[in-house]
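So the chains spell out like this:
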Amino acid sequence: GTHKPLTDTADKGCAVGWCFIPSWTRGALSCGSDRSKQKHDNNVSRKRQKLMEQSSHHNNKLERLLFDEIRQCDVCGKNLLHRPATCEEESVAEDLPKFIERHITCQSPLPCRWCNNDTSDKNNTYICCESLFCSDKCRTRAECALYDDDATTMQTNDQTSCSRDAETKLLMPPPKLFFCRNRFQERDSNRNNDVAYDLDLAIEAIQSLVAIETKLRVLCGNNLGLEECALMITTIISVVSPWWVDDFLQSFSGDAHQDGSAYEESLTEELWTMARSHWSIVMLLQSKERSNDTDTSKRQFMSYEMFCQTYLCIKRQCISRVALPDHPLIQYSKDTLLSADKLSDIERDLALDILNHPCLPISRHAQSKTSTDQQSIIRWRNAAHTAHWLSNAASLEEGKGVSQIQSHLGRTYYVFSPKAYRKMQHSCCPVAMLDVQDPSSPLDSLSWLSLHDVEEGNLTSYSALGYLEGDARSRAIELRKLFGSDFTCSCTRCRYENDNAGKIFNQLPLKSLADLAMQHGRFADAIGLYELILESDPCDGNVLHARAAAVLGTASTSFCDKGHCNGNFLRAQRLWKEAGSKCSDHPEIALHVDKQRVYGTVDSLDDEIDDSSSSSNIQYSTHLNGKCFVTSKATPLLSEDECQLIIKTAEEHCNSSTGWTTTRHYAVPTTDIPIHEITKLHDLFTKKLWSSKIRPLLRQQLKLNGNRQILIHDAFVVRYDSSKQRYLPPHLDESSHSFIIALNSEFKGGGTYIHELGRVLSPTVGGMVSFEGGSLLHSGDPVVSGIRYCIVAFCYIDNVGEQTAKTAEVEKDNNTNAPFSFGFQFG
């Protein structure tokens, strides 16, 4: 979890090239002639108008905000507000309350010096490349990279000079600036008036540049992968600084020079031909404009072989993907939209109207006929759900406009830095990944983030693959596409999976492999690796705990397949109990042993269960064909006095200890206190409530019989406060079933919103709602005033008796690609 600056792994004076791929691929650049551009714009306008006429309810404000107005600096990545000059509608970003002042770095971005965003005085005779920069410094850095020659300075039209030091230099210009055709148009202020301007040659340069751009657009489509990114970088460098390539190739080992595929060879040959043609025209044009330039005649374009090898080296050893911090709209939805202090009710309604979109699965309720309190509840519910789905757009179901929204919200960049990667190697179990520490200055805060425990100074590997969840065979196929047909990965993970030679490794790499398997949800692999470590060190508390957690991870998967945990939940509990006898002072192991003692998870399995207890008198309603249940007001499980006693005891405990916890659940934190820590509640909860009422009632609701039993894994008192944590976002519990007991009614809002049902289930005081928490998407409805208290518990259905008396084998098909986290998973 520690950061190491990117420059620490590079040679002195290393230049980092920032390839801002999303802004280039989303259509910000034009293709073809000016006339075809104008025709294209007219077609788009007609299609948009037709769409609005056909779907008058469709709000396009979110799309306009994402697609047109929120941009990033093409050099440093800072957030910019872009106001298209051709757009006749008012700015959505300006209408969105508190958005610009809180989440936009620059409100007046600079275009490139050859373009003017206001094209009205140009009669549409040229096309703006839409390069945007947050400052003169960034624009100058980009222009210096565009003219990477032997000169030490370059004079711009605003008389600023470009210093060629390491702080300023980029290895390549931003793609949009490179494809700016206006830099070949005649500009009286930017040329020697004694030299005639060759208009025909300039037109040829523009046409050849457009041809390259069109080819890359056809190749890339809407998204740019690593191979396409490498082709684009190679093409741009071959035109801008071909003389740099020779030294670049000599610095890499022969492994990077393996031949590419036949498809890659055909692409590189075509792009090399187009780049050489464009470079030749540019050299002729520059030689006529710069009569005193003696260096251009010495320059030679790189050979086809060098072009191919440059592409392969860049693809294999010079670029990596990096995810930037949250999109400003996501930051806005999580921070400003859900803040009671930063927005008024009127402003929040306006924001929700702007962010409304048919692809977001939000139940919009008409508020005109509802009470003021109900309007407030609906407003906050819509705000909470909007924030969740914008933050988790990748999980949206396929529909109209979804893919575009996903691509704009999930921003991906590529970093091109040969010297920084020279000391790093690919690994399928990497020790580091690229990360951005400062969201306000992405490029300057790039750093290597350690992914697990490593020795000091051992950040030597990263992953060249974007997806590591596959098996050894699928990864080998992708790696050969990337590094060549003869490539064989020799990382610890591949050697272990191919040879199963775990005994040749020490504990640290095996633990890293096991932890990675846990992150990927490959629980069977994790268990095997943990057990391999325990063969040499059977008392390693961290590994004993991790093995039990991996077995617990298989429980939910088994339930989905078989309707019970196939013994895996109880096996995990027994492993924690055995670990407690070896490492009683290990905090995580001690925690689970304590929960077992309080909830009777293991020791009370042989107790006879009385299904004819008082629970048979409890009335309840059934929803979604037996997936969730709500007890009747006439038959509560707890009296109001008992509920008040639980609240008072929990508050007294928190006041005398460390207070309410907010970090126990990794994915979706709640403000809570675990019941096993509150000694005064043990008898009331375990004996009077759980054993006598709740467990028999759940067995009745779920129609359990025979060896199948429902068992508590965790139980806690939760506190929702309208001035602090007022809601929970949509999520799934890490359990097969969950139940919630209401403890008070002195609040407004609240309850459990079941998304499949489309409404809130809220029992009366002392009542209970129970449901399939691991499969039904649900959320805690916002509390708009007051404080809501409730008891929440996560349970598992498992087989007890002879089947679990033995140590169960964990089946391979129990693996899942869902990441593991205690408590919750986002929906």
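The structure displayed is predicted, hence computed values, not measured ones. (Residues numbered from 1 in each chain as written. Predicted model: local features only at pLDDT ≥ 70, side-chain atom pairs only at ≥ 80, totals over all residues. Heavy atoms only, no water.)

**Describing the overall build of the chain**
(1) Moving on: Summing up its helical and strand segments, the chain has 27 helices and 25 strands in all.
(2) Moving on: Within the chain, the proportion of its 827 residues that are buried is 56%.
(3) Moving on: In the chain, the share of contacts with a sequence separation of at least 24, taken over all contacts with a separation of at least 6, comes to 77%. (Helix = DSSP H or I, 4+ residues; strand = E, 2+ residues; numbered from the N terminus. Buried < 20%, exposed > 50% of the residue type's maximum accessible area, 1.4 Å probe, protein only. Contact = heavy atoms within 4.5 Å.)

**Considering the packing of helix 14 (residues 345–355) against helix 15 (residues 372–391)**
(1) Moving on: Contact pair helix 14 / helix 15: the axes reach a minimum separation of 10 Å and the direction vectors enclose 45 degrees. One way to sum up the angle between helix 14 and helix 15 is to call them oblique. Handedness of the helix 14/helix 15 crossing: left-handed. Judged by residue contacts, Asp345, Arg348, Asp349, Leu352 and Leu355 of helix 14 engage Arg379, Trp380, Asn382, Ala383, Thr386 and Leu390 from helix 15.
(2) Moving on: Split into classes, the residues belonging to the contact of helix 14 with helix 15 amount to five nonpolar, two polar and four charged. (Axes fitted to C-alpha atoms, helices over the stretch in contact; angles between N-to-C directions. Parallel < 35°, antiparallel > 145°, perpendicular 65-115°, else oblique. Left-handed = near helix turned anticlockwise from the far one by under 90°. Nonpolar A, V, L, I, M, F, W, Y, C, P; charged D, E, K, R; others polar.)

**Observations concerning the packing of aromatic side chains**
We describe a pair of aromatic rings using the distance from one ring centre to the other and the angle between the two ring planes.
(1) Moving on: As enumerated under the stated definition, the model contains eleven aromatic pairs in all.
(2) Moving on: Arranged with centres 5.8 Å apart and planes meeting at 85 degrees, the rings of Tyr620 and Phe629 form a pair that is edge-to-face.
(3) Moving on: Its relative accessible area of 26% is what places Tyr620 among the partly exposed residues.
(4) Moving on: Sitting over the ring of Phe178, Arg183 keeps its end group 5.6 Å from the ring centre.
(5) Moving on: Here the basic side chain of Arg726 rests over the ring of Trp380, its NZ or CZ set 3.9 Å away from the ring centre. (Phe/Tyr/Trp six-rings, centres within 6.5 Å; stacked < 30°, edge-to-face > 60°. Lys NZ or Arg CZ within 6 Å of the ring centre and 35° of its normal.)

**Comments concerning the pattern of salt bridges**
(1) Moving on: Summed over the entire model, instances satisfying the criterion amount to 29 salt bridges.
(2) Moving on: When the shortest N-O distance is used, the salt bridge between Lys315 and Glu264 registers 2.6 Å. Residue Lys315 is located in helix 12 (residues 304–317), and its partner Glu264 is located in helix 11 (residues 262–289); the two are separated by 51 residues in the primary sequence. A single burial state applies to Lys315 and to Glu264, both of which are buried. (Salt bridge = Lys/Arg side-chain N within 4 Å of Asp/Glu carboxyl O.)

**Regarding the environment of Lys627**
(1) Moving on: Its place among the elements puts Lys627 in the loop between strand 13 (620–623) and strand 14 (628–631).
(2) Moving on: Classification of Lys627 by relative accessible area gives partly exposed; the value is 28%.
(3) Moving on: Setting aside anything within four residues of it in sequence, one finds Lys627 in contact with Glu756, Ser770, Phe771, Glu772 and Leu776.

**Considerations on helix 6 (residues 136–146)**
(1) Moving on: Among the eleven residues in helix 6, nine count as buried, and that is most of the element.
(2) Moving on: Among the residues making up helix 6, those that are buried are Cys138, Arg139, Thr140, Arg141, Ala142, Glu143, Cys144, Ala145 and Leu146.
(3) Moving on: For helix 6, the secondary structure elements touched by its buried residues are strand 5 (110–111), strand 6 (132–133), helix 7 (175–178) and helix 9 (226–240).

**Regarding the environment of Glu640**
(1) Moving on: Mapped onto the elements, Glu640 comes out in helix 25 (residues 640–656).
(2) Moving on: On a C-alpha basis, the gap between Glu640 and Val765 in space is 6.6 Å, while along the polypeptide they are 125 residues apart.

**A look at helix 26 (residues 682–702)**
(1) Moving on: Taking 1.5 Å per residue, 21 residues should reach 30 Å; helix 26 reaches only 25 Å between its end C-alpha atoms and comes up short.
(2) Moving on: The sharpest bend along helix 26 comes to roughly 60 degrees, located at Trp690.
(3) Moving on: Of all 21 residues making up helix 26, 15 are buried, and the element is well covered by its neighbours.
(4) Moving on: Following helix 26 by one or two positions, Lys703 adopts a phi angle in the positive range, close to 55 degrees. (Expected span 1.5 Å × (residues − 1). Bend = angle between axes of the 7 residues up to and from the residue.)

**Topic: the environment of Ala742**
(1) Moving on: When you line up the elements, Ala742 lands in strand 18 (residues 737–742).
(2) Moving on: A relative accessible area of 14% places Ala742 in the buried class.
(3) Moving on: Along the sequence, Ala742 and Pro636 sit 106 residues apart, while their C-alpha atoms lie 9.8 Å from each other.

**A few points about the pairing of strand 24 (residues 783–799)**
(1) Moving on: Within strand 24, 14 of the 17 residues are buried, leaving the element largely enclosed by the surrounding structure.
(2) Moving on: Examined bridge by bridge, strand 16 (residues 708–721) and strand 24 share 13 bridges and lie antiparallel to one another. Paired with Leu711 across the strands is Tyr796, a residue of strand 24.
(3) Moving on: Relative to strand 24, strand 18 is paired through six bridges, and the arrangement is antiparallel. Its bridge partner lying in strand 24, Ile740 is registered against Val792.
(4) Moving on: Pairing of strand 19 (residues 747–749) with strand 24 involves three bridges; the strand directions are antiparallel. Opposite Gly749, over in strand 24, you have Val783 as the bridge partner. (Pairing = 2+ DSSP bridges.)

**Focus on the pairing of strand 11 (residues 446–450)**
(1) Moving on: Most of strand 11 sits out of view: five of its five residues are buried.
(2) Moving on: Neither face of strand 11 is left uncovered, since the one carrying Leu446, Trp448 and Ser450 and the one carrying Ser447 and Leu449 both have all their residues buried.
(3) Moving on: When strand 10 (residues 432–436) meets strand 11, the two strands line up antiparallel, connected through five bridges. Paired with Ala432 across the strands is Ser450, a residue of strand 11.

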